[in-house]
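Geometric and topological summary
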Amino acid sequence: MIKKYFLSENKDLKLSENFKLREFACADKSDEVLVSDELVDLLQKVREHFGKPVIITSAYRTPSYNKKIGGTSNSRHITGEAADFVVSGVSSAKVGYYLEGLGVSGAGIYVSRGFVHADVRENGKWRGLIFDGKNGKEENLSKYFPTVNKGSKGNSVKLLQMLLKIDDDGIFGNNTRDAVEKYQKDNDLDIDGIAGPLTWESLLGI
């Protein structure tokens with residue numbers, strides 16, 4: 001259910017155990033705030049699952065502000081059903097994998113910009129991973145973790161490199177192999193320099 005609130009009346013109103021109304025307000029400082037109960041419930045689940053602060057970077061947007069920043073005309077931010085956020089100390093890929101497991105109907109991992117978008121629309125479609133902003137290529141998350149090794153190229157390698165915190169050029173060369181081997185050694189995995197299912201699962205904490 002979408003509810004209407006006003007910051008002037010109670011900006012510190014607790015909507016759940018860990019979230020207050022002001023966290024969902026539009027960045028243009030409008031008094032009115034629309035918030036979906038289902039969105040609050042979803043963010044609370046994320047907070048409890050990871051046990052770390054969830055920082056909302058954009059939730060409700062007035063139609064004028066949404067247009068100003070280039071949002072789509074049918075954005076769920078306008079209806080209070082969407083939020084962009086980060087989980088402190090947790091990669092966007094890991095958060096997105098968790099959202100997909102929950103069956104969230106509309107979500108996207110903005111890999112290059114380091115945040116996750118989630119909305120609670122009915123009959124939505126999972127958006128997968130998005131590189132380089134709204135004009136970037138979307139890729140389905142379930143297809144995003146293939147086995148990659150030396151010589152592999154592409155966005156799957158780029159994400160692997162981001163998770164390993166090394167130069168993310170999207171090319172699996174000697175440096176990436178060495179980083180994979182070090183990660184495998186440090187995490188009691190078979191050391192083969194190949195990022196297969198067990199290495200991906202360990203990196204993502206799933």
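Placed above this text is the structure.
First things first, this report covers the structure right here in the doc. (Residues numbered from 1 in each chain as written. Predicted model: local features only at pLDDT ≥ 70, side-chain atom pairs only at ≥ 80, totals over all residues. Heavy atoms only, no water.)

Quick look at the packing of helix α5 (residues 155-164) against helix α7 (residues 197-204)
Direction vectors running N to C along α5 and α7 enclose 50°, while the axes themselves pass 11 Å from each other. Comparing their axes, α7 and α5 come out oblique. Helix-helix and strand crossings are classified by hand; for α5 and α7 the assignment is left-handed. Where α5 abuts α7, its residues Ser-156, Leu-160, Leu-163 and Leu-164 lie against Trp-200, Leu-203 and Leu-204. (Axes fitted to C-alpha atoms, helices over the stretch in contact; angles between N-to-C directions. Helix = DSSP H or I, 4+ residues; strand = E, 2+ residues; numbered from the N terminus. Parallel < 35°, antiparallel > 145°, perpendicular 65-115°, else oblique. Left-handed = near helix turned anticlockwise from the far one by under 90°. Contact = heavy atoms within 4.5 Å.)

Focus: the packing of helix α2 (residues 37-50) against helix α4 (residues 92-102)
Where α2 meets α4, the closest approach of the two axes is 11 Å, and the angle between their N-to-C directions is 120°. Judged by the inter-axis angle, α2 sits oblique to α4. As α2 runs across α4, the sense of the crossing is right-handed. Contacts from Leu-42, Lys-45, Val-46, His-49 and Phe-50 in α2 reach Lys-94, Val-95, Tyr-98, Leu-99 and Leu-102 in α4.

A look at the packing of aromatic side chains
When we look at a pair of aromatic rings, we describe it by the centre distance and by the angle of the planes. Applying the stated criterion across every chain, the model contains three aromatic pairs. Look at Phe-19 and Phe-24: their rings are 6.2 Å apart centre to centre, the planes differ by 65°, and that puts the pair in the edge-to-face class. Ring centres of Phe-50 and Tyr-98 lie 5.5 Å apart, and the angle between their planes is 75°; this geometry places the pair in the edge-to-face category. With Phe-50 in helix α2 and Tyr-98 in helix α4, the pair connects residues that are 48 residues apart, well separated along the chain. In terms of burial, Phe-50 and Tyr-98 fall into one category: buried. (Phe/Tyr/Trp six-rings, centres within 6.5 Å; stacked < 30°, edge-to-face > 60°. Buried < 20%, exposed > 50% of the residue type's maximum accessible area, 1.4 Å probe, protein only.)

Some details on the nonpolar core
Counting residues in hydrophobic clusters, the biggest one holds 31 residues, and the most contacted among them are Phe-24, Leu-43, Val-46, Phe-85, Val-87, Val-95 and Leu-99. Where this core is concerned, the elements lending two or more residues are β2 (32-36), α2, β3 (54-58), β4 (82-87), α4 and β6 (115-119). Excluding residues that lie within four positions of it along the chain, Val-46 makes contacts with Val-54, Phe-85, Val-87, Tyr-98 and Leu-99. One finds Val-157, Leu-160, Ala-195 and Leu-204 within the second-largest nonpolar core, a separate group that totals 19 residues. (Core = buried A, V, L, I, M, F, W, Y, C linked by side-chain atoms within 4.5 Å.)

Notes on the pairing of β6
Most of β6 sits inside the fold, with five of its five residues counted as buried. Neither face of β6 is open: one carries Phe-115, His-117 and Asp-119, the other Val-116 and Ala-118, and all of them are buried.

Comments concerning the layout of surface pockets
Approximately 310 Å³ is the volume found for the second largest pocket. For the second largest pocket, the lining is made up of 16 residues, of which Val-90, Ser-91, Ser-92, Met-162 and Leu-163 are closest to its centre. For the lining of the second largest pocket, the secondary structure elements donating two or more residues are β4, α4 and α5. Residues of the lining of the second largest pocket, tallied by class, amount to ten nonpolar, four polar and two charged. (1 Å grid on protein atoms, 1.4 Å probe; cavity = no way out; pocket = protein on both sides within 12 Å on 5 of 7 lines; lining within 4 Å. Points joined across faces, edges and corners; volume = space filled by probe spheres on them. Nonpolar A, V, L, I, M, F, W, Y, C, P; charged D, E, K, R; others polar.)

Some details on the pattern of salt bridges
Under the counting rule described, the total for this entry stands at nine salt bridges. One salt bridge in this structure joins Asp-119 and Arg-121, with 2.8 Å as the shortest N-O distance. (Salt bridge = Lys/Arg side-chain N within 4 Å of Asp/Glu carboxyl O.)

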